[in-house]
Amino acid sequence: MKIKLLFSLLLVTNLLMGQAKHTSWTNKTYNVTGSWSLQKINDQYFFIIENDFKTSQGPDLKIFLVQKEIDKIDNNESVDTEGIFLGDLTSVTGAQRYAIPKNIDITKYHSIVIHCKKYTVVWGGVKLD
């Protein structure tokens, strides 16, 4: 319990300082690579994908903030039903930025997922904690 609380505190501290930069993705159906971070800019959190991002092309790719851990999400799970929609994946390569709604408590979410809504396919995602 103490370790989980400490980790949550470190996550929030890193979010507030804009220092939570990572390179690890959990691949599900397709390979996803590249750096990412969570940053707070003017009282708004953003999921930032860096210029080295790359994944496979697909129809209807969307980004969702999800409470479930990425390791526990099935390759064909409908994360769109309970997840928070952050936006359409704007490109399968390169830098992108997605706003997280201001009313969301980011500490209650464990993953950000790339999901093909049309065919209910999870591309991959990142673990937030």
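Please refer to the structure placed before this passage.
This structure is a prediction, so every number in the text was calculated from the model and none was measured. (Residues numbered from 1 in each chain as written. Predicted model: local features only at pLDDT ≥ 70, side-chain atom pairs only at ≥ 80, totals over all residues. Heavy atoms only, no water.)

Colleague: Help me out: how do you make sense of the overall build of the chain in this one?
Modeller: Along the backbone of the chain there are one helix and eleven strands. Ordered by position from the N terminus, the helices and strands of the chain form the series α-β-β-β-β-β-β-β-β-β-β-β. Burial statistics for the chain: of 129 residues in total, 43% are counted as buried. Across the chain, every contact between residues at least 6 apart in sequence was considered, and the portion connecting residues at least 24 apart equals 63%. (Helix = DSSP H or I, 4+ residues; strand = E, 2+ residues; numbered from the N terminus. Buried < 20%, exposed > 50% of the residue type's maximum accessible area, 1.4 Å probe, protein only. Contact = heavy atoms within 4.5 Å.)

Colleague: In this structure, what is going on with the sheet that holds strand S11 (residues 121-127)? I would like to understand it.
Modeller: Strands in a sheet are paired, the pairing made by backbone hydrogen bonds, and the direction either parallel or antiparallel. Ordered by their spatial adjacency, five strands build an open sheet running S2-S11-S10-S7-S8, and the pairing between neighbours is antiparallel. With one partner strand each, in any of the chains shown, strand S2 (26-27) and strand S8 (84-88) form the two edges of the open sheet. Where strand S10 (residues 111-116) meets S11, six bridges bridge the pair, whose relative direction is antiparallel. By the bridge assignment for S11, Ser 111 is matched with Lys 127. (Pairing = 2+ DSSP bridges.)

Colleague: How should I be thinking about the side chain of Ser 111 in this particular structure?
Modeller: Secondary-structure assignment places Ser 111 in strand S10. Polar side-chain contacts of Ser 111 include one of 2.8 Å to the backbone oxygen of Lys 68. From its side chain, Ser 111 meets the backbone nitrogen of Ile 70 in a polar contact 2.7 Å long. Beyond its immediate stretch of four places on either side in the chain, Ser 111 contacts Phe 64, Leu 65, Val 66, Lys 68, Glu 69, Ile 70, Val 126 and Leu 128. (Polar contact = N/O pair within 3.5 Å; in protein donor to acceptor, adjacent residues only side chain to side chain.)

Colleague: Could you clarify how one ought to interpret the packing of aromatic side chains in this entry?
Modeller: In this description, a pair of aromatic rings is defined by centroid distance and the angle of the planes. One pass over the full model with this rule turns up five aromatic pairs. Clustering of aromatic rings is evident, with ring pairs tying together Trp 25, Trp 36, Phe 47 and Phe 53. (Phe/Tyr/Trp six-rings, centres within 6.5 Å; stacked < 30°, edge-to-face > 60°.)

Colleague: In this structure, what is going on with the nonpolar core? I would like to understand it.
Modeller: What tends to happen in soluble globular proteins is that the nonpolar side chains get buried as a cluster. Trp 25, Phe 47, Leu 65, Ile 112 and Ile 114 are the most contacted members of the largest nonpolar core, which totals 26 residues. Elements that contribute at least two residues to this core include exactly strand S4 (36-41), strand S5 (44-49), strand S7 (61-66), strand S9 (96-100), S10 and S11. Among residues more than four places away in sequence, those in contact with Ile 114 are Trp 25, Val 32, Phe 53, Leu 61, Lys 62, Ile 63, Leu 89, Val 121, Val 122, Trp 123 and Gly 124. If you look at the next biggest cluster of nonpolar residues, it comprises seven residues, including Phe 64, Val 66, Ile 73 and Val 113. (Core = buried A, V, L, I, M, F, W, Y, C linked by side-chain atoms within 4.5 Å.)

Colleague: Teacher, can you tell me more about unusual backbone geometry here?
Modeller: Note on backbone geometry: most residues besides glycine have negative phi, and most peptide bonds are trans. A positive phi is found at Asn 42, a non-glycine position, where the angle reads about 50 degrees. For Asn 42, the position within the fold is in the loop between S4 and S5. On the accessibility criterion, Asn 42 (69% relative accessible area) is exposed. With phi around 60 degrees, Asp 60 is a residue other than glycine that occupies positive phi space. Relative to the elements of secondary structure, Asp 60 occurs in the loop between strand S6 (54-55) and S7.

Colleague: Explain the environment of Gly 34 to me, please; I cannot follow it from the model alone.
Modeller: With respect to the helices and strands, the residue Gly 34 is situated in the loop between strand S3 (32-33) and S4. As a C-alpha pair, Gly 34 and Lys 54 span 20 residues in sequence and 6.3 Å in three-dimensional space. Leave out the neighbours within four places in its chain, and Gly 34 touches His 22, Thr 23, Trp 25, Asp 52 and Phe 53.

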